[in-house]
Amino acid sequence: MFKNNKYSKNPIIVSGMPRTATTIVGKLISNKSRYSVVYEPFNSSQGLNTIDINYLIPGSNIMENDFDRILDNLLNLKGSFKLGKNKNDSVFKKLIKYTFGNQSSISFNKAKYFDRNTGLLIKDPFLLFASEYLSNNYRIIMCERPLLPLVGSFKRMSWAFHEYTRLLKDFNNIGLDTNNSKKFDDSNISPFVVGAVQFFYLYTIFKDRIVNKENIYFFNQHDLSVNPKNSISSLFNWLNIEYSKKDINKIAMSVSGSSKKHKSPKKGVQHDRMYNKKHANEYFESILSEDEIKYVKKCEILICSGGEI
């Protein structure tokens, strides 16, 4: 990889599956240390113009040299972004994007023109399967979440997983076995539920390959929800970020929403600040049907057993 870029000495990459607190982790690090956050530059719908597909895997669906070049430009704060228009955007939101850009381009321009920080933090779930390659030179924080809450969050957001079939082939290109991929198909279950299970399946296969990587820290979203102080301090220790007990208390309060009465976020709201995050991994019970919960539990056994029930 290239080594002469502006932020090459100490960048941090926060990745993991979607809906696993990657945004929160990026914010709590940048609030305590001198890191500027660039939001999802590898998102094919709103990120860099050079990104054509989601979930790049260097050496499989993109040449390593091409990936290096894109990353090197990013760390030098060079690049142009897509407009990120969505057919469901309101007129006001479209106007904002035309005038100022989307969340990705705004965060990039803020880091480039306004921040005086000394480090760059790339918050991007779409770098999940590039993490093995990236860990050779950079620190990676890999965010995780238990399967049932993950599925509930996917369904709450009505998120499908369109890249599954393509990623199965991409996995095979780097020697990862996906022979059990068809065992999760079920036409009677919501496609959002099936998609979350498929994603978790791919992540589990991939994690077996990276679990012992020195530069990868596995951050459990469940730990953050039930014991935020310990979760945050452990992460800061790994990053060698100095902190006080007062710092941890303040940050934990800001991310936990402990003063809120609501036990679940609103449907379709990606980052709802108005509910108590202590219940983040419980509200799936009100989102999923009994048949969906049974399906997820069966799939979890299948995934964890390596395909045998």
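As shown above, the structure is provided for reference.
Residues numbered from 1 in each chain as written. Predicted model: local features only at pLDDT ≥ 70, side-chain atom pairs only at ≥ 80, totals over all residues. Heavy atoms only, no water.

**What to know about the nonpolar core**
Phase 1: The biggest cluster of nonpolar side chains holds 66 residues, and the ones touching the most others in it are F42, F67 and F129.
Phase 2: Residues in contact with F42, not counting those within four places in the same chain, are I51, I53, N54, L56, F67, I70, L71, L74, D124, F126 and L127.
Phase 3: Core analysis: the second largest hydrophobic core is formed by 22 residues, I12, Y217, L239 and I248 among them. (Core = buried A, V, L, I, M, F, W, Y, C linked by side-chain atoms within 4.5 Å. Buried < 20%, exposed > 50% of the residue type's maximum accessible area, 1.4 Å probe, protein only. Contact = heavy atoms within 4.5 Å.)

**Overview of the packing of helix α6 (residues 147–157) against helix α13 (residues 290–304)**
Phase 1: Remark: α6 packs on α13, axes separated minimally by 10 Å, with the N-to-C direction vectors making an angle of 135°. Relative to α13, the element α6 is oriented oblique. Here α6 and α13 pass one another in a crossing that is right-handed. Together, L147, L148, V151 and K155 of α6 and E292, I293, V296, K297 and E300 of α13 make up the contact between the two elements.
Phase 2: Classifying every residue of the contact of α6 with α13 gives 5 nonpolar, no polar and 4 charged. (Axes fitted to C-alpha atoms, helices over the stretch in contact; angles between N-to-C directions. Helix = DSSP H or I, 4+ residues; strand = E, 2+ residues; numbered from the N terminus. Parallel < 35°, antiparallel > 145°, perpendicular 65-115°, else oblique. Left-handed = near helix turned anticlockwise from the far one by under 90°. Nonpolar A, V, L, I, M, F, W, Y, C, P; charged D, E, K, R; others polar.)

**Focus on the sheet that holds strand β4 (residues 139–144)**
Phase 1: What the 5 strands build is an open sheet, ordered β2-β3-β1-β4-β5; its pairing is parallel. With partners counted over all chains shown, the strands left at the sheet margins are β2 (35–39) and β5 (216–220), one partner each. Taken pair by pair, the neighbouring strands of this sheet meet at an average axis angle of 20°, ignoring direction.
Phase 2: Contacting β1 (12–16), β4 and β5, helix α10 (residues 228–239) runs over the sheet at an angle of about 175° to β5. (Pairing = 2+ DSSP bridges.)

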